Amino acid sequence: MILYHMAGSLLMRNRFLTGVTMVAVLASGPAPIPLAMAQSRPAPDQGFCRNAAPLPRLEPEARPQQQDNGGIKTRGSPAESEEAMPAPPPPPPMAPPPPSYAGDAAEVVVTGARADGGASKSAPAEALPTPGSSSDHARVSPGIVPPRPYPQPQPQSGILTAGEHDDLLNPELYAAYVNRSGDLGQEVRSLPRVDTTRIVTVKVNDRSGQPIPFADVVVTCSDGNSITMATQADGSAVFFPGLDRLSERITVAARKGGRTIADARPVLVADAHGGQTVGLTASQAATKATKLDLMLVVDTTGSMGDEINYLQAELRSIIGAITAKHRDLDIRIGFVFYRDLGDDYVTRTIAFDRDIGRVQGALAQQQANGGGDYPEAMDQALIRAVGQDWRPDAVKSLLLVADAPPHDDKFGRTWTAAEAARAKRIHITPVAASGVADKAEYAMRAMAAATQSRYLFLTDDSGVGNPHAPPAIDCYLVTRLDALVRRVIDSQISGRRIEPEANEIIRSVGKYDAGKCILPADFKWQNG
C-alpha cells in the first residue's frame, strides 16, 4: 500500500479542489515509498534537477514487402525481432470481461438519447462504485469476451461513444486510485508510482495577463543543475518535485527565442501536500499557436478487430473536422501503427505530412491482425512516435488508441518514452478500447497525467464491439467519440478546457462539474 502521511485536518471535505491546479508526480521504483521520503533529497551520487533519460534507440523499420487485402506485411528489423521466435497461429484475441459492481444506480443520470438513435430506455442503470472505496476497481484477469449477440451498425463516424477524465483536476481521486492499485507493483516491478499531492506549476503571462505559449521555463536547483520545460498553450509548465528531484530552494526564469523574457526569481518548494503556482510576467506580448502536430499511435492487433473499422471512420472524421475548423493552422498529421513481436510488422510509421488526403489513405489501409497474447509492443510504438520530427513551435498532440498495456518487462522503456514526450511538451491522450484492464488503464492514465492531458475511454452506449470494462473513475460524461476528441484537441490548441453542449451529452455518471468530481464529505485519500 502506498502510505499517505496526512493530518486529519487535510482530508478533503470540500466539494471542490482549491484554486491551485494539482498535477502528478511520477516516480518509478520496486516498491512504494512514503510521501514524506519523496522530498528532494538525492542519493550521494545524484544531483538535484534531474533531466529525463534519452529516448531509447531502435533499428530502422523494415520496409513493407507486399500488400495483402490492405494489410501491410514486413520482415521484422533486428530491434523488432530480437525476441521473436517462430510462433504457432495465435489464439482468439484476449480481452477482460467487465466486472460486476454493486452500488447506487441513482448515480447514473440519462440526459440524452442513445448513440444508436433510439430513445433512452428506463432499464436499470449501471451501478457505480462508492468514490474512494477499495472495491471500485475489482477487475478479473484478461479473458475471452463473447461478441455481442445483436447486429452491429455499419462502420461510420459519429457512432462510437466515450467518456473522459482529467486526473489533474481530481488529485484526491487519483491518489486514492493509485493507493488501491498498489498491488500491481508486485506484478510489474517498473510500474511507475504516481502521486498527485505535490507539484510546482509555473505560469508565464504577458503584462496584460495573456498566456505565453512555448516559452522555455528554466528551473535551477541549489547545486547549479537545471531543467528546462516549455509552456503549453495555456502558458503553464509543470514541475514534479519527486520526479525532477527539485531542491528545497530553486530559481525560476523564462526564455523565448534565445533571450530572457522573465528574470529569475527565487522559490521555496513547499514540503506540504498541495500544489503551488509560480507566476512570471514576460516582457513580450502573447501570441496564439499557429501550428499543430498530431500523431496517432494505433494498436492494430487482432484484439482491436471488433472496433478497428469504426475507429478508422471516427479518426478520418476527426482529422477532417480539425483541418476544416482550423484553416489558419499549419497542421501536420502522422501515424504509428503497431502490433507485437513475431507479427507481420511490429511498428509502421507514417511521418508527419500536410497532405491530409494521403494520411487519410494510409489510415484506411489498416486492418487488425496478429497479437495473440494480451500485452502488445506499445513501448516500440511510443519510442517511434516521440522520436518523430516534432516542431518546437507547434501544439504537440499524441493520440494513443489501444486496448492493452506493454509487456511487463517493457514498462521501463515505455516510461522512458513517456518522460521523453513530457520533455518535448507532447500531450499523450489515450483512447482506451474494449480490452482495457488494470495495467493498461493504470499506464494510460499515468501517461496522460504526466503530460498534462486526459484519459479517454470507449463506452458501451454505441452498441459497437465487445463489452467495455468500466473505468475506475467516479464521474464522467458520455458523448460521441469524434466530438470528444475534437474538444480535447481544441482545448490543447486554445489553452482552455472546452465542455460539451447539453445536447451532446448521452448520459452522466456520478456528480460531475466541469471536469471535477464532487466528493462526499467523508471522502478519504487512503483506506482505513
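In this report, the structure presented in the accompanying data block is examined.

The rules behind the values
- Residues numbered from 1 in each chain as written.
- Predicted model: local features only at pLDDT ≥ 70, side-chain atom pairs only at ≥ 80, totals over all residues.
- Heavy atoms only, no water.
- Disulfide = S-S within 2.5 Å.
- Helix = DSSP H or I, 4+ residues; strand = E, 2+ residues; numbered from the N terminus.
- Buried < 20%, exposed > 50% of the residue type's maximum accessible area, 1.4 Å probe, protein only.
- Phe/Tyr/Trp six-rings, centres within 6.5 Å; stacked < 30°, edge-to-face > 60°.
- Core = buried A, V, L, I, M, F, W, Y, C linked by side-chain atoms within 4.5 Å.
- Contact = heavy atoms within 4.5 Å.
- Axes fitted to C-alpha atoms, helices over the stretch in contact; angles between N-to-C directions.
- Parallel < 35°, antiparallel > 145°, perpendicular 65-115°, else oblique.
- Nonpolar A, V, L, I, M, F, W, Y, C, P; charged D, E, K, R; others polar.

### Points about the state of the cysteines
Moving on, step 1. If you walk through the whole model with that rule in mind, you get two disulfides.
Moving on, step 2. In this model Cys 49 forms its disulfide with Cys 221; the gap between the sulfur atoms is 2.1 Å. Looking along the S-S bond of the Cys 49-Cys 221 disulfide, the torsion reads about 85°, which is the right-handed sense. In this pair, Cys 49 sits in the loop between strand S1 (25-28) and strand S2 (64-68) while Cys 221 sits in the loop between strand S8 (216-220) and strand S9 (226-230), placing the two residues 172 residues apart along the sequence.
Moving on, step 3. Given a relative accessible area of 5%, Cys 221 falls into the buried group.
Moving on, step 4. Disulfide pairing places Cys 475 opposite Cys 517 at an S-S distance of 2.0 Å.

### Observations regarding the packing of aromatic side chains
Moving on, step 1. According to the stated counting rule, one finds six aromatic pairs in the structure shown.
Moving on, step 2. An angle of 35° between the planes, with centres 6.0 Å apart, marks the rings of Tyr 177 and Tyr 442 as tilted. Of this pair, Tyr 177 sits in helix H2 (residues 171-180) while Tyr 442 sits in helix H9 (residues 438-450), placing them 265 residues apart in sequence. The same class applies to Tyr 177 as to Tyr 442, namely buried.
Moving on, step 3. Their ring planes at 90° and their centres at 4.9 Å tell us that Phe 457 and Tyr 476 sit as a pair that is edge-to-face. With a gap of 19 residues between them, Phe 457 in strand S19 (residues 455-458) and Tyr 476 in strand S20 (residues 476-480) connect regions that are remote in the sequence.

### Thoughts on the nonpolar core
Moving on, step 1. With 49 residues, the main nonpolar core has Val 297, Met 378, Leu 398, Leu 400 and Met 447 as its most contacted residues.
Moving on, step 2. If we ignore the near neighbours within four places in the chain, the residues touching Val 297 are Val 336, Tyr 338, Ala 381, Ala 385, Leu 398, Leu 399, Leu 400 and Val 401.
Moving on, step 3. Grouped together as the second largest cluster of nonpolar side chains are 42 residues, Leu 294, Val 431, Leu 458 and Leu 481 included.

### A look at the packing of helix H5 (residues 308-325) against helix H6 (residues 356-364)
Moving on, step 1. Remark: H5 packs on H6, axes separated minimally by 10 Å, with the N-to-C direction vectors making an angle of 170°. Of the possible angle classes, the one that applies to H5 and H6 is roughly antiparallel. Contact residues: H5 offers Gln 312, Leu 315, Arg 316, Ile 319, Gly 320 and Thr 323, while H6 offers Ile 356, Gln 360, Leu 363 and Ala 364.
Moving on, step 2. Its residues assigned to classes, the contact of H5 with H6 shows five nonpolar, four polar and one charged.

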